[in-house]
Amino acid sequence: MLGVGSTGPVATDAPVGSRQPSSRSVAAADERDAWAVLAGVRGLGPVGFGALLSRYGSGLAILREATTPDGPARLAGTPLGDVDTGEARRDRGVAHAVATAIAEAAQNAGATLERIRRLGLVIVTIEDADYPARLAAIEMPPHVLYVLGDPASMHARSAVAIVGTRRATDAGRAIAARIAADLVALGASVVSGLAVGIDGAAHAAAVRAHGTTVAVIGSGHGIVHPRAHSRLAASIVEAGGAIVSELGPDVEPSRGTFPRRNRIISGLADATVVVEAPARSGALITASWALEQGRECFLVPGALGAPASAGCLSFLREFPHGARIVAGIPQLIDDLGLADHLAEPGVPSEAAATLSDVGEAPGRIGRELVLGRATVDELVAATGWPVASVLAALTLLERRGLAVGVHGRFRPAGDLVFADPAKLRQRPRRRP
Amino acid sequence: MLAIVPSATLHGLDGRLVRVEVDVAPGLPGFTIVGLADTALQEARERVRGALRNAGFQYPPRRITVNLAPADLRKGGASLDLAMALGILLGSEQVRAGPGRTAFIGELSLGGEVRSVPGVLPMVAVLARRGLRRVVVAAAAVDEARLVEGMDVSGVETLGEAVDQIRAGRRRRDVASPRRIELFDARAKGSDVSRGSAREAPDGRPTPDLSEVRGQLEARRGLEIALAGGHGLLLIGPPGSGKTLLARTIPGLLPPLDDAAALTVTVVASAAGEGPLSELRRRPPFRSPHHTVSYAAMVGGGPHLSPGEITLADQGVLFLDELPEFARDVLEALRQPMEDGRVAIARAGRATTFPARFQLVAAMNPCPCGFAGTSERPCACPPRVPERYQRRVSGPLRDRLDLWIAMPRVAPLAIVGGSDPEGSAVVGPRIAAARKVATGRPPGTLNARLTGRTLRAACNLTRAVQHRVVHLAELERASGRGTERILRVARTIADLAGDGTVREDHLDEAAWYRPADIRLAAAEAG
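Novice: Kindly report on the sheet that holds strand β5 (residues 102-104) of chain B, identifying the contributing residues and their values.
Specialist: All names here are of chain B. Here three strands make up an open sheet; going across it, the order is β5-β8-β9 and the pairing parallel. Sheet topology places β5 and β9 (152-156) at the edges, where each strand pairs with a single neighbour. Neighbour-to-neighbour, the strand axes of the sheet open up by a mean angle of 25 degrees, direction not taken into account. In this structure, strand β8 (residues 134-138) lies alongside β9, joined through five bridges in parallel fashion. What sits directly across from A138, in β9, is V156. Contacting β5, β8 and β9, helix α6 (residues 159-168) runs over the sheet at an angle of about 145 degrees to β9.

Novice: Describe the interface of chain A and chain B, and please don't skip the residues or the numbers.
Specialist: Listed by partner, the interface residues are 32 residues for chain A and 34 residues for chain B. Among the elements that take part in the side of chain A that touches chain B, helix α18 (residues 387-399) of chain A stands out by supplying nine residues, more than any other. Residues of the side of chain A that touches chain B, tallied by class, amount to 17 nonpolar, eight polar and seven charged.

Novice: Quick rundown of the packing of helix α9 (residues 198-208) of chain A against helix α10 (residues 230-238) of chain A? Include the residues and the values.
Specialist: Residues and elements named next belong to chain A. Closest axis-to-axis distance for the α9/α10 pair is 10 Å, and the angle between their directions is 40 degrees. The orientation of α9 with respect to α10, classified from their angle, is oblique. Note on packing geometry: the crossing formed by α9 with α10 is left-handed. In this structure, α9 contributes G200, H203, A204 and V207 to the contact, and α10 contributes L232, S235 and I236. Grouping the amino acids of the contact of α9 with α10 by side-chain chemistry returns four nonpolar, three polar and no charged.

Novice: Could you give me a rundown of the domain arrangement of chain B, with the residues and numbers involved?
Specialist: Interfaces are often sized by the accessible area lost when the parts come together. Residues and elements named next belong to chain B. When cut into domains, chain B gives domain 1 (2-198), domain 2 (210-441) and domain 3 (450-526). In this complex, domain 2 contributes 22 residues to the contact, which on the side of domain 3 involves 15 residues. Looking at the side of domain 2 that touches domain 3, the elements with two or more residues in it are α8 (217-229), α15 (385-391), α16 (395-400), β18 (401-406) and α18 (424-439). Grouping the constituent residues of the side of domain 2 that touches domain 3 by class yields 10 nonpolar, four polar and eight charged.

So, how was this worked out
Residues numbered from 1 in each chain as written. Chains lettered and ligands numbered in written order. Predicted model: local features only at pLDDT ≥ 70, side-chain atom pairs only at ≥ 80, totals over all residues. Pairing = 2+ DSSP bridges. Helix = DSSP H or I, 4+ residues; strand = E, 2+ residues; numbered from the N terminus. Axes fitted to C-alpha atoms, helices over the stretch in contact; angles between N-to-C directions. Contact = placed C-beta atoms within 7 Å. Nonpolar A, V, L, I, M, F, W, Y, C, P; charged D, E, K, R; others polar. Parallel < 35°, antiparallel > 145°, perpendicular 65-115°, else oblique. Left-handed = near helix turned anticlockwise from the far one by under 90°. Domains from an automatic or database assignment.

Rendered as structure tokens:
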């Protein structure tokens, strides 16, 4: 562990988040700790970090400098080099506020490392062999990733980002879920941002289909955001996926952190799929990053005038050469070059098994939900049952986590999210 | 000379016997009222003076002192006008026969006409309790006064007729006499109209039939259960989904009140000035105060300790449309009445208790913009705002709402097409039958009032069914209150089905009606 005194940081204990450093790694254990502390400094982005590293040679040296009396002043003089990349500062150097923050971080290094340890985070630096190659290839990759879960999940043979609006429609959620389920069945991993709406539907479906999924969050790991997804986050890690952030454990989410985070979502993936995005949606920022990073970018078109898809349509119009359209899930898989891996996805049959497992009446109602009946009135009309029986059966589906609904509109959940309506429609209908 | 005329005033919902003592003595002409009379009563001097003159009597140019006994009782209103005027006539010996044990209740117009006052029923009732057997009231209020058994009631339209009553010493003419004094006729009508508009019950709108509610099967079912068990009901749906229409069908679905309940309701209506009433009110009241209602108007109070909306809804339904828009303190104030079935009001020097056994029915939009959950238009609220909006239904109120019903917008086809759904004439008797079953079982209350031991006894669950309760409680996050909610509602569902014991499918359905925020959280997590 790192102790920081007047003489600077000194090594004490085993390093935090130590993983087997590869032979190629030049970051020794203490140096890794130093990076973990520095990356968590508010306001110090990849550009500043890079400039300081090239001036001082190592993270330890930066921390040591920060703890000397005039250290912060000297740190503040560091020129930023090429500022065209985005972090334009008028003084063209590391800001004084940031330098002071580095000094503070150096003082509290022990506590920060203890916090990281307690949260169970793994530190992956850009110099590590297991830093995801896809991410290393982008402009301004984060120097440090704080990872909860298995960092190997970022190395899937192919990875696809599925993003979209937080205010998703039921249809949008269903599409996101089915794309995610089909992709993980093909061995791809699903990258998204853990937000409610499309992101959550994609993650949840990937987990349900026993696949790996990576969630890139826009805050530190110490801050659960959104709270509604704390259980989903746990299930992602449990299923062998990871929650990833470039921000220190206690950095609050803010207006700026999410767009910055989006470059990591697209950077971790070979391609980005936007399912639903209203005008000026954050998902479109991710799509722009994907194009900028030379990755493929797909958008699910919506009906003209549908607000939830307006952003997708305008993006397709704006980037006719980069942005591609999702013409169907098999077509998407084909376009992604994954069609060769197409085995028997097997997912819909699993959904059918689930339906026959819950009992006759709930099974029938579950099937109707998959077929798109959303309200109690519609379910009663479809089954011809008394309303009391429909409600009782729906309650049991809710209890099993196979249906969720708000404001009187219900949709399949759990294993039913990626059930294929076309296959269910062929099944003979039974009466309870 | 001294004259004593019995009369009565209103104190909250109770009448109080007041003896009007009038002394007409030599001295400087004047008119003094003593005995804790409030402003309206002090103004009685002018009404009495005008009425005496215009009815053809003499206003004695002498020193008039009116004492209202008992002296320590605060008195208000205009019910003593008639007694004071008669006291002056007796005291100045324009009328020589005494009133004996006949009480007089009525307000006077300047023309000498006798008008009815709020609360005739409770006032006459107290006279009867205090041993008086004869009362004279305004002709319009005779039917109301006659609701009190054993009272000899006469109606008068003018001060002159009242004097005739004294002179005769007994009832001389019957009540609803068509004879009116032409001179006052026009003015009398005018005054009746103005009174009518000012005191008209707020729910003067007609009651729609349940068959007018198309689609919304979940809500129709929920309403039936809520009314059968007396359960608190919350309807959540976008504007135009029919929440208010559904709520307005309630008066046509509830069974008529029994004698005791009808008497309470009638007394409240009388005291609130909804009279004159002609018969006992057997229809359960339905009150729908606007969301800008003040604390005092909701709970009761004011200078005359008037009953509030919750008392006016006693034995019936209090409907709160746009629930989150009500002032927080107004909603908080519902807590104690909902627990106790009555509300205690204390003002400086006075305190009273009003009944408030109402069933709460509320409605709200799913979110501030109102479009969450509609298929045709997405909600324009920022994320989490709908959730917070629903959380505004907090604490005590949340626990008292046993059924939460979502009302999505109905497809146009359901409104124009299909067969007619069941009407009030079909559903009403089912509700009445279930209520009878519930009240016929110990402890004799509607199911909404069951808790703890009484609830468990009423449900009488077998072991297998108990297991189902535990299974379903997960949906409510296993809170004790959530479990009780399921059991209470399941009991009512079983009553509607005619089942003595609560079965598993009753519980399944009961768990359906849980609070919307629980469902919202589950949907976001999944």
